[in-house]
Amino acid sequence: MQKPIINGNRITIPSDQEYLADVDSFLDGQLRELTVGESIRADIAISVSELVNNAILHGNKSSPEKVVTVEISSEPGQVTIAVSDQGTGFTEEQIDDPVADENLLKEVGRGIFIVRALMDDVDISASERGTTISISKSF
Amino acid sequence: MKLSDREQDGVVILEPKGKIMGGPDASLLHDKLYEYIEHDKKQVIVDLSQVDWMNSTGLGILISGYTTLKNSGGELKLANVTDKIQSLLTITKLVTVFDAYDSIEDAIQSFR
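Computed from a predicted model, the values in this text were never measured in an experiment. (Residues numbered from 1 in each chain as written. Chains lettered and ligands numbered in written order. Predicted model: local features only at pLDDT ≥ 70, side-chain atom pairs only at ≥ 80, totals over all residues. Heavy atoms only, no water.)

Let's hear about the packing of helix α1 (residues 20-33) of chain A against helix α2 (residues 38-59) of chain A: which residues, and what values?
Residues and elements named next belong to chain A. The interhelical angle for the contact between α1 and α2, taken along N-to-C directions, is 145°, at an axis separation of 10 Å. Judged by the twist between their axes, the crossing of α1 over α2 is right-handed. Residues Leu-20, Val-23, Asp-24, Leu-27, Asp-28, Leu-31 and Arg-32 of α1 pack against Arg-41, Ile-44, Ala-45, Val-48, Ser-49, Val-52 and Asn-53 of α2. (Axes fitted to C-alpha atoms, helices over the stretch in contact; angles between N-to-C directions. Helix = DSSP H or I, 4+ residues; strand = E, 2+ residues; numbered from the N terminus. Left-handed = near helix turned anticlockwise from the far one by under 90°. Contact = heavy atoms within 4.5 Å.)

As structure tokens, then:
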């Protein structure tokens, strides 16, 4: 796969951070259509960027054979975004507490913590075929 | 993200613009910051007034610059932090790490 593919409410990208801006642009368009306000759009965009970065770097380990998929769904007043990779699984126990004094100056390890703070609901589903993290936010 | 940089009264001012989300764009900020550090510029202000938002990648770059400068006797300070970024700094407790000022002038004065 050489470039992003958009199919309705879903975008699939190669495992390369070069395509983060494509995901952001797609997401912003979808959220504007749903009339999500600016501040919540930014919170969702930050969260999705965290999840896509994790999916590319930690899930797929930047493998050119693997892709990351972002799918948006909604119901009145709520949007859900699912970010899927094709890696070998994920557990939050692997992550140090980023606000502990001894970790405060670490350069990495805040992604999921930030997502949990900004979103209403975070669901992680991991298997040998990959990880899907779904986030929901009311608007 | 776009990035401009300048020096005022001997202080380096970096002015990122847009969204700092990772990948090639974020590398711009990291590389420019370290270019100045390698040239022994030890007083740096990052003006965040035109940054829509940043994620943990952006925070990591700021921390990296902060730590590197502090270890060499310098300082990295923030100016014009937007509400959205202030919220992230609070959530992550990094508000306790960075000195932040309401204007570039105030940040420059703090180095005096």
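Having seen the model, we can carry on.
How would you summarise helix α1 (residues 24-38) of chain B if you had to cite specific residues and measurements?
All names here are of chain B. Taking 1.5 Å per residue as the helical rise, α1 with its 15 residues ought to reach 21 Å, and the 21 Å between its terminal C-alpha atoms agrees with that figure. By the burial criterion, the buried members of α1 are Ala-26, Leu-29, Leu-33, Tyr-34, Tyr-36 and Ile-37. Taken down its axis, α1 places every buried residue within 160° of arc, on the same side. Looking at the buried residues of α1, the elements they touch are β1 (2-8), β2 (11-20), β3 (43-47), α2 (56-71) and β5 (75-79). Backbone geometry just downstream of α1 places Asp-40 in the positive-phi region, at approximately 65°. (Expected span 1.5 Å × (residues − 1). Buried < 20%, exposed > 50% of the residue type's maximum accessible area, 1.4 Å probe, protein only. Arc of directions from axis to C-beta.)

Please set out the sheet that holds strand β6 (residues 130-138) of chain A residue by residue, giving values where relevant.
All names here are of chain A. Pairing is antiparallel in the open sheet, where six strands are placed in the order β1-β2-β3-β4-β6-β5. Taken across any chain shown, the strands that pair with only one partner, and hence form the sheet edges, are β1 (5-7) and β5 (121-127). Sheet twist, expressed as the mean angle between neighbouring strand axes with direction ignored, is 15°. With seven bridges joining them, β5 and β6 adopt antiparallel strand pairing. Directly across from Ser-127, in β6, lies its bridge partner Gly-130. (Pairing = 2+ DSSP bridges.)

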